[in-house]
Amino acid sequence: MINVNYGHQIGLCYVKDNFAYVPVHKNASTWAIKYLTCLNEWKETNSSHVSDNCTFLVILRHDIINRWVSGMCEVLMQNDNPTLIDDVRVVDQIFEKITFECHTDTQTRLLSTIPQSQTIYFDLASTFSSNFIKHMRENYLHDTNCVPDNSYINASSMFEHKQHIIKKLTEYALTPKYNAKLKAHFSKDYELIDKVTYYS
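The structure displayed is predicted, hence computed values, not measured ones. (Residues numbered from 1 in each chain as written. Predicted model: local features only at pLDDT ≥ 70, side-chain atom pairs only at ≥ 80, totals over all residues. Heavy atoms only, no water.)

Describing the sheet that holds strand β4 (residues 55-60)
Okay, so step 1: The sheet built from 5 strands is open, its strands ordered β3-β1-β2-β4-β5 with mixed pairing. Lying at the two open borders of the sheet, with one neighbouring strand each, are β3 (43-46) and β5 (119-123). In this sheet, adjacent strand axes meet at a mean angle of 35 degrees when their direction is disregarded.
Okay, so step 2: Across 4 bridges, strand β1 (residues 12-16) lies against β3 in antiparallel orientation. Its bridge partner lying in β3, C13 is registered against T45. (Pairing = 2+ DSSP bridges. Helix = DSSP H or I, 4+ residues; strand = E, 2+ residues; numbered from the N terminus. Axes fitted to C-alpha atoms, helices over the stretch in contact; angles between N-to-C directions.)

Overview of the nonpolar core
Okay, so step 1: If you look at the biggest cluster of nonpolar residues, it comprises 39 residues, and the most contacted ones within it are W68 and I94.
Okay, so step 2: Of all the elements in the fold, those that place two or more residues in this core are β1, β4, α2 (64-78), α3 (88-97), α6 (160-173), α7 (176-185) and α8 (187-195).
Okay, so step 3: The element that contributes the greatest number of residues to this core is α2, accounting for 8 residues.
Okay, so step 4: Among the nonpolar cores identified, the runner-up in size contains 21 residues, and F19, A32, I59 and L141 belong to it. (Core = buried A, V, L, I, M, F, W, Y, C linked by side-chain atoms within 4.5 Å. Buried < 20%, exposed > 50% of the residue type's maximum accessible area, 1.4 Å probe, protein only.)

What about the packing of helix α1 (residues 29-39) against helix α5 (residues 128-138)?
Okay, so step 1: It is at 12 Å that the axes of α1 and α5 come closest, and there the two elements cross at 30 degrees. Between α1 and α5, the interaxial angle falls into the category roughly parallel. Between α1 and α5 lies a crossing of right-handed hand. Residues W31, Y35 and L36 of α1 pack against F128, S129, F132, I133 and M136 of α5.
Okay, so step 2: Taken together, the residues of the contact of α1 with α5 break down into 7 nonpolar, 1 polar and no charged. (Parallel < 35°, antiparallel > 145°, perpendicular 65-115°, else oblique. Left-handed = near helix turned anticlockwise from the far one by under 90°. Contact = heavy atoms within 4.5 Å. Nonpolar A, V, L, I, M, F, W, Y, C, P; charged D, E, K, R; others polar.)

Some remarks on the packing of α3 against α7
Okay, so step 1: The N-to-C vectors of α3 and α7 enclose an angle of 30 degrees; their axes lie 9 Å apart at closest approach. For the element pair α3 / α7, the angle class is roughly parallel. When α3 is examined against α7, the residues V91, D92, F95, E96 and K97 are found in contact with a partner set consisting of K177, Y178, K181, L182 and H185.
Okay, so step 2: For the contact of α3 with α7, a count of residues per class yields 4 nonpolar, 1 polar and 5 charged.

What to know about the confidence of the model for the chain
Okay, so step 1: The share of residues in the chain with pLDDT of 70 or more is 90%, and the mean pLDDT across the chain is 89.
Okay, so step 2: Below pLDDT 50 for its whole length, residues 153-157 participates in 12 contacts with residues either more than four positions away or in separate chains. (pLDDT = per-residue confidence, 0-100.)

Examining the state of the cysteines
Okay, so step 1: In this structure the tally under the stated criterion is 1 disulfide.
Okay, so step 2: Free cysteine C54: the closest other cysteine sulfur is in C13, separated by 6.8 Å.
Okay, so step 3: Since its relative accessible area comes to 1%, C54 is described here as buried. (Disulfide = S-S within 2.5 Å.)

Here is the structure:
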């Protein structure tokens, strides 16, 4: 049995002036929050409390299955038993439920409280941090003393037992049976990333 808490408030955002950053777990949210914290005056709130003309800032991730694998690794590590992934009954449970908490939830659910028409999207790629900071500069929100490094890569790849979990989850996720389940579960995410225009 896998037991976890959801661990996130839907609608959570960080606001300054008429801009609000909305964190999506596994999409460099740790990096972004660290950067905004350094800038000061970005206040944690809920999207229901921001002004009607607020512009939302969102980092999206194209590799949806890899995002889920990384998040599911965290879930299994929280259960403090890396061998769970070797139990076929647990594997079936994982792919039956798919979303266990915020790191394994759909990006669209985490963004469900904000209007797409008022959102600027950043593509989580090699240039995303420079694009994010570029936007801040253009809107006079950047501070030259705040230049966070790009070491936001998830720690899931840093330890042998985590590497084992990621390897097994990836193998399962690529099998036709489980891959179809994942694509159906994340269908709205695929729709979103295919239709949005990214800031550059």
